[in-house]
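Breakdown of the fold
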Amino acid sequence: MSSRTRIVGAAAAALLIAGLAPASAEPSPDAARVADPAPAAETAAAKAGDVRVDTDTAPDQVGGLIVTYDDTAVRSGLRTATRRGAAAAGVSAEDTTVAITDDVDAVRFDQPVTEAEATEAAEQVADLDGVASVELDRMRTIAAAPVPNDPQFSAQWNIRGTYGTHANAAWPATRGRSSVVVAVIDTGRSAHPDLDAGTVAGYDMISSRTVARDGNGRDPNPRDEGDWYGANVCAPNTPARTSSWHGTHVAGIVAARTDNGIGIAGNAPGIRIQHVRALGRCGGYDSDIAAAIRWAAGVKVPGTSRNRTPAKVINLSLGGRANYCPSTYRSAIAAARSRGATVVVAAGNENINTASFTPANCAGAVVVAATNPDGKVAAMGNGVPYSNFGAAVDLSAPGGDAILGRAVLSTMNTSDTTPGNPTYAQDAGTSMAAPAVSAAAALIRSHGAYSPAVVEQALKGAVRPFPSTSGGTRCVPADCGTGILDLSRLPLSTKAPAARGRRAVGATLTTNRGSWIGGPTSFSYGWTRDGRAIAGARGARYVIKPSDAGSVVRARVAGRRGAVAPLWRASNGFSVPKLGSRTGLAAKPKRARYGRTKVKLVARVKVGAGAVKGKVVLRDGKKKIGKAKLKRGKAVVRLGSRKLRRGKHRITATFVPANARSYKRSTSKKVVVRVR
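About the criteria used
- Residues numbered from 1 in each chain as written.
- Predicted model: local features only at pLDDT ≥ 70, side-chain atom pairs only at ≥ 80, totals over all residues.
- Heavy atoms only, no water.
- 1 Å grid on protein atoms, 1.4 Å probe; cavity = no way out; pocket = protein on both sides within 12 Å on 5 of 7 lines; lining within 4 Å.
- Points joined across faces, edges and corners; volume = space filled by probe spheres on them.
- Nonpolar A, V, L, I, M, F, W, Y, C, P; charged D, E, K, R; others polar.
- Patch = residues over 30% accessible without salt bridge, like charges linked within 9 Å, V, L, I, M, F, W, Y side chains within 5 Å.
- Areas by Shrake-Rupley, 256 points an atom, 1.4 Å probe, with all protein chains shown as cover.
- Salt bridge = Lys/Arg side-chain N within 4 Å of Asp/Glu carboxyl O.
- Lys, Arg positive; Asp, Glu negative; His and termini not counted.
- Charge placed at Lys NZ, Arg CZ, Asp CG, Glu CD.
- Helix = DSSP H or I, 4+ residues; strand = E, 2+ residues; numbered from the N terminus.
- Buried < 20%, exposed > 50% of the residue type's maximum accessible area, 1.4 Å probe, protein only.
- Pairing = 2+ DSSP bridges.
- Phe/Tyr/Trp six-rings, centres within 6.5 Å; stacked < 30°, edge-to-face > 60°.
- Lys NZ or Arg CZ within 6 Å of the ring centre and 35° of its normal.
- Disulfide = S-S within 2.5 Å.
- Core = buried A, V, L, I, M, F, W, Y, C linked by side-chain atoms within 4.5 Å.
- Domains from an automatic or database assignment.
- Contact = heavy atoms within 4.5 Å.

Another aspect to go through is empty space enclosed by the protein. Here the structure, examined in full by the defined rule, presents three cavities of 30 Å³ or more. Approximately 40 Å³ is the volume attributed to the second largest cavity. Together, A592, R593, Y594, T597, V599, L639, G640, S641, L644 and V675 line the second largest cavity. Partitioning the lining of the second largest cavity into residue classes produces six nonpolar, three polar and one charged.

Given below as structure tokens:
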């Protein structure tokens, strides 16, 4: 496969008659195309092996138990009992313990044991009276982030450099789920072996045949036909330009396949890409881009087929000048967010305030500025910054300088016009920064089903501070957001928390926190009932309540670090059985005279736990003859003297619980009433 390196970009200048353009940097005069060069040289960034992250414990190395006691008064005696409990499981513990808090001890084994042996010991100790919970005291190690075998990964400072994303630090937790789709609304798709296996069906949303260059309007084929044009074609005094293959380059930054022995690594190599074509010759129309946002999120767009794989993240590496956010964008972004999609937008490349650049000035979007290998504001070849700035910017990410070796390497196509052969090349711009953040958002969504608001908060917290060193233009939060995306600072779970206990009302459940990377400094605990948070349940222990009957109860744990939003991870579930009920019925009198005697029916209901709430339905055989609301477990129905006809009546009472999820129905035995 051939290789070329170039610094290119679309004219992200004023909004022209054709619409918007990709938000990548203008070419530097001295950054001309280079044919078949050697791979770009490494920058002075730190090597991937220098990026240290917490890793999961080696499975056969458990050093002891962490024991929490119910009562500190009995702690001393329980220490001996704890060691005996461990010994009963065949594990020898040291005579001394290490106090962690007033009611928590670390009990060390004489030597590390397997997880299976430690778990058996933990179960023995957990059964002791006075022990609230037991966790395995695992032996942790420090190790380098995984380094893929992609041959050009060494040139990807945008991931592995000091001010790179360090996305590979998150890979022990997730490389991205294939069920998570990132829509790249851009110039479309060109075939590439580093992308094709991870691409789902997309759409060509360009309505103009001239802009689309494929002979028709909107259609299900998002193939990039090339966006080249001649001098003065798009506007007076505009120079000719070659095809950018912008959508292909952006897609590679998000999700180029990794460990496949070729090319580069994407930031989220396990997710899937969906190309939605909205930019063609001279750019793209607002209306087409807004329709693309809607379609990508799974919203129905008239005249198009349904999107069967709606995106959880939508990348917009495009923009143009406008001092307001058009309503078409506002409504499209709001519609996407209502479907659970996070919308990521490039800040733009004109060195202006984002207040004058759209859709970067639209509410609801995560707006991304660009930094260079030194963590400074990304610049043109002459050193002049290009990245837009301002209060709308949420965070920054690697976009690169418009200089060979300091731009971002990704997937590309060889041709100047119509599609040619796949290759790799360097581009610079906020167009390159935005997909790094889109990939991070996809990794977060692969960790759990979080709302766009939680994803945005997590992204803004998972950052490295801007450097204060001299040289270049320094970023400050007021201009460049909260910091530079750094996924080694994002707490993610590598092993789900494990809860234990009996699935019965009144039983106590306990949970451990699982295993985490990203350096969490504290942990939050909670419990859910059928996926919804239980109010007030915020500890590592939970007593099952009657309201939990008939539901699935789970623990949830979140590693906390700084301002990063808590990314909860759920434990195994406990399916709590419904509570039983028993209904009794009495009739007075049991012998009556038609037209003269009234009959009083009294139903009494008892339940396994909790208050009795609901009603009782009375039937004579199959015929309903009355109902009454229960009060303190009792319901009374009085039948008029003509309610029951002459003869023998077999009457039953059925308890209908107000909370049918938690309580079972029950029916009384038949009571015979004779009327003459």
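For the rest of this paragraph, the subject is a positive patch on the surface. A contiguous patch of positive charge, built from R591, R593, R596, K648, R650, K670, R674 and R676, is present on the exposed surface. Along the polypeptide, K648 turns up in strand β38 (residues 647-657).

The subject of this paragraph is the pairing of strand β40 (residues 671-675). Alternating positions in β40 separate cleanly, V671, V673 and V675 being buried on one face and V672 and R674 remaining unburied on the opposite face. As paired elements, strand β33 (residues 591-592) and β40 share two bridges and run parallel to each other. Residue pairing in the sheet places A592 in a bridge with V675 of β40.

Note that strand β24 (residues 499-500) and strand β25 (residues 508-511) share two bridges and pair antiparallel. Its bridge partner being in β25, R500 is matched across the sheet by T510. Sheet topology places β25 next to strand β29 (residues 541-543); three bridges connect them, and they run antiparallel. In the strand pairing of β29, T508 is matched with V543.

Read from one edge to the other, the open sheet built from four strands follows the order β28-β27-β30-β31, with strand pairing classed as antiparallel. Both outer strands of the open sheet, β28 (532-533) and β31 (569-575), are each paired with one neighbouring strand and no more. One ladder, built from two bridges, connects strand β27 (residues 522-529) with β28; its direction is antiparallel. Along β28, the bridge assignment pairs R529 with R532.

For the structure shown, the criterion picks out three aromatic pairs. The interplanar angle of 70 degrees and the centroid separation of 6.1 Å between the aromatic rings of W516 and F523 together place this pair among those described as edge-to-face. Taking relative accessible area as the criterion, W516 reaches 7% and is therefore assigned buried. Accessibility expressed as a relative area gives 22% for F523, which makes it partly exposed. Ring centres of W527 and Y542 lie 5.6 Å apart, and the angle between their planes is 25 degrees; on these two criteria the pair is classed as stacked. A residue pair is termed long-range when its members are at least 10 positions apart, and W527 in strand β27 and Y542 in strand β29 qualify at 15 residues. An identical accessibility class is assigned to W527 and Y542; each is buried. Above the face of the W228 ring, R213 is positioned so that its terminal group lies 3.5 Å from the ring centre.

With that settled, consider the state of the cysteines. A covalent bond between the sulfur atoms of two cysteines is what we call a disulfide. Here the structure, examined in full by the defined rule, presents three disulfides. A sulfur-sulfur separation of 2.3 Å characterises the disulfide bridge that pairs C475 with C480. On the S-S bond that ties C475 to C480, the torsion sits near -80 degrees, and the link is left-handed. Judged by its relative accessible area of 5%, C480 is buried. For the chain, the bonded cysteines connect in the pattern 1-2, 3-4, 5-6 when numbered consecutively along the sequence.

Another point: the nonpolar core. Ranked by size, the top nonpolar core spans 59 residues in total, and within it I271, V437 and L490 carry the most contacts. Of all the secondary structure elements, the ones that give two or more residues to this core are α3 (157-160), β10 (181-186), α5 (246-255), β15 (342-346), β17 (365-371), β18 (395-398), α8 (430-447) and α9 (452-461). When residues in this core are grouped by element, the largest group, 11 residues, is from α8. Both of domain 2 (153-488) and domain 3 (491-576) provide at least three residues apiece to this core. When near neighbours in sequence (up to four residues on either side) are disregarded, L490 contacts I444, A458, A462, I517, G518, V564 and L567.

On their own, these measurements won't tell you what the molecule is for.
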